[in-house]
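# Architecture at a glance
Listed below are the residues making up each chain.
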Amino acid sequence: MRASPATPDDSVTFQPLRALGACLAVSLCFAAPAAHAANKEADRAMTTAAQTAPAADPATAPTPPVAALRPHEVKSPFGTRVDPYYWLRDDERKDPDVIAYLNAENAYKEAVLAHTEGLEKKLYAEIVGRIKQDDATVPARKNGYWYYTRYETGSEYPIYARKKGTLDAPEEILANANELAKGHDFYQIGGLEISPDNRLMAIAEDTVGRRQYVLRVKDLATGQWLPDRVENVEPDLAWANDNRTLLYVDKDPVTLLSKRVKKHVLGRPAEKNEVVYEEPDDSFYMGVAKSKTDRYIYIVVQSTVSSEYRYADANDPELEFRVAIPRERDHEYQLEEVGDRFVMRTNWQAKNFRIVEVPIAEVADRAKWRDVVPHREDTFVAGFDTFRDYLAVSERSGGLRKLRVKSWDGKKDALIDAAEPAYTMALGTNEEQDTGTLRYVYTSLTTPNTTYDYDMKTGKQVLLKRDPVLGDFDPSRYATEFVFAPARDGAKIPVSLLYRKGTKRDGTAPLYQYAYGSYGYSQDPAFRSSVLSLVDRGFVYAIAHIRGGQDMGRQWYEDGKLLKKKNTFTDFVDVTRFLVQQKYADPE
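Residues numbered from 1 in each chain as written. Predicted model: local features only at pLDDT ≥ 70, side-chain atom pairs only at ≥ 80, totals over all residues. Heavy atoms only, no water.

Regarding its fold elements, the protein presents seven helices and 34 strands. Counting across all 588 residues of the protein, residues that qualify as buried make up 51%. Expressed as a percentage of contacts within the protein between residues at least 6 apart in sequence, the contacts between residues at least 24 apart total 49%. Of the accessible surface of the protein, which amounts to about 28700 Å², a share of 51% is contributed by carbon and sulfur atoms. (Helix = DSSP H or I, 4+ residues; strand = E, 2+ residues; numbered from the N terminus. Buried < 20%, exposed > 50% of the residue type's maximum accessible area, 1.4 Å probe, protein only. Contact = heavy atoms within 4.5 Å. Areas by Shrake-Rupley, 256 points an atom, 1.4 Å probe, with all protein chains shown as cover.)

Given below as structure tokens:
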């Protein structure tokens, strides 16, 4: 992969984030959904039946399973605690008692929700029916080829392909995951990297579902898979410029943490692969990547509050790595090379981050850093991408993610325009540095993911693709708003709203409210076709951009963690009360 000078907050996938451990990932519904006038009478009947089914007779109601109490001592440096449910941890997924309990829970769920089966099937058919099965990504150019991923109708997995020179050239299939998945209960390609000479492809594939990837290499000239095979690796891969050396991250076989970077030379047995770097601190995660120009290979280690880059000349047979800036607590940075300098996003003396440039040989000398994008109290720098003549910056201000284009000569510094009140912009796939075109992705609550090519000199843009939504979807039927709800401590919480035009704002509409609020992840106002099944039935859909994310800058994150974690929860409650008070939602 190419090094991504962005935070986890800056993503172009626009998928709902997974709910992790101690975070808040909450959905809240009010009231029973009344069917929209445009829906069929049968839909009304199923919805009403599902919501008004009589309470079950206690004598015949299904009995919920109860997990047994089995005291187990958990020892730690800070004392011993007793966990009566520790037995439910089954890392091997083989304990018959755990499996029996899970089956009982599933059976109970099926029994309790049996009366909603008809509506569930209808909603599922609606949601799946909006998805175009034979879809493809917008081709991206790198090193003389156009790369893209496509799907075929009825197939579950992607096909990775490329075309040489122009998009009119014959298609070359690199990897058909549908074929590779045969014989496996689970299959995923986590990483795919092409050698600098375009002749070899390395992939990291997982066939067990535990992110324990296997590194394999294919000769693209012959179509044959080489005998090379390295097990239990991370999906990050990086080719050296000799086209025969691969760097990868080895995982601990027990903890599955990334532990060491190793070097694999084609044809060498995996057990003889050399250790390039070993990370002694388990609180740091590790990855490898190539710079945008393929000049350098990076080893990146990062924790919650610190990061560190090592870089080596990809043409160096010894791959001698140098530390860019030694790690220190509360300093996070990401860098990319442009000519004879590094461009770096850093939070040193900049809570909301800034972007600086510095000669590569002097990267650790902070006196030599020169501001390119200075720190601003009202704007969070989320990420960036580099070009020969321009810098593209992903930033957050006013609760929204925007894109700024800035020329190195200082003649241009402008935001890309957006016409909607609630929207999200993100950097797209920009593999080449020597271009004046920026690819970016735009989306909103009513606009599916839309890919543009933007001329950074003239400001003109070309629409390349808008993700299709099958069926009778028409964005003009919907309205969006971006409002601020008062929190109990005086903070103003951004809220993105979506509803169907004609929905009465009289306190009778059901509300579906969603929030995340942890780890600095921001839940952006992005298109989700599945939500239409609620909105078309009269729901108001709200995203509460609560503290714990970085929607309003780094302080927004700081004010939603540790001793201030309570704000994450009270913000959610206060947004709900605001929407009820403003008559967006039925209080009952």
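Read on, since the account is not over.
On to the side chain of E279. With respect to the helices and strands, E279 occurs in the loop between β14 (274-278) and β15 (285-290). With relative accessibility at 1%, the residue E279 sits in the buried group. Within the structure, the side chain of E279 is placed 2.5 Å from the side chain of Y277, a separation counted as a polar contact. At 2.8 Å, the side chain of E279 and the side chain of R327 are in polar contact. Aside from chain neighbours lying at most four places away, what touches E279 is K259, F284, M286, V301 and R327. (Polar contact = N/O pair within 3.5 Å; in protein donor to acceptor, adjacent residues only side chain to side chain.)

With that settled, the discussion passes to the environment of R329. In this fold, R329 is placed in the loop between β18 (322-323) and β19 (333-338). Since its relative accessible area comes to 66%, R329 is described here as exposed. In the structure, R329 is positioned 23 residues away from S306 in sequence and 5.4 Å away in space, judged by C-alpha atoms. With sequence-adjacent residues up to four places away left out, R329 is seen in contact with V305 and S306.

Across all of its chains, the model carries 56 salt bridges by this definition. A salt bridge links E172 to R162, with the shortest nitrogen-to-oxygen separation between them at 2.8 Å. Separated by 10 residues along the polypeptide, E172 in strand β7 (residues 172-176) and R162 in strand β6 (residues 159-164) bring together distant segments of the chain. Where E205 meets R216, a salt bridge forms, and the shortest distance between an N and an O atom there is 2.6 Å. Remark: R216 occurs in strand β10 (residues 213-219) and E205 occurs in strand β9 (residues 200-206); sequence separation between them is 11 residues. For the pair formed by E205 and R216, the shared burial category is buried. Members of the salt-bridge network, linked through shared partners, are R376, E395, R404, K406 and D413. (Salt bridge = Lys/Arg side-chain N within 4 Å of Asp/Glu carboxyl O.)

This brings us to unusual backbone geometry. For Q349, which is not glycine, the phi torsion reads 55° and is therefore positive. In this fold, Q349 is placed in the loop between β20 (341-346) and β21 (354-359).

So, on to the sheet that holds strand β4 (residues 140-142). The strand order across the open sheet built from four strands is β4-β5-β6-β7, with neighbouring strands paired in antiparallel fashion. Either end of the sheet is taken by a strand with one partner, and the two such strands are β4 and β7. The average undirected angle you get between the axes of adjacent strands in this sheet is 25°. Examined bridge by bridge, strand β5 (residues 145-150) and β6 share six bridges and lie antiparallel to one another. Across the sheet, the residue bridging to Y148 is A161, located in β6. (Pairing = 2+ DSSP bridges. Axes fitted to C-alpha atoms, helices over the stretch in contact; angles between N-to-C directions.)

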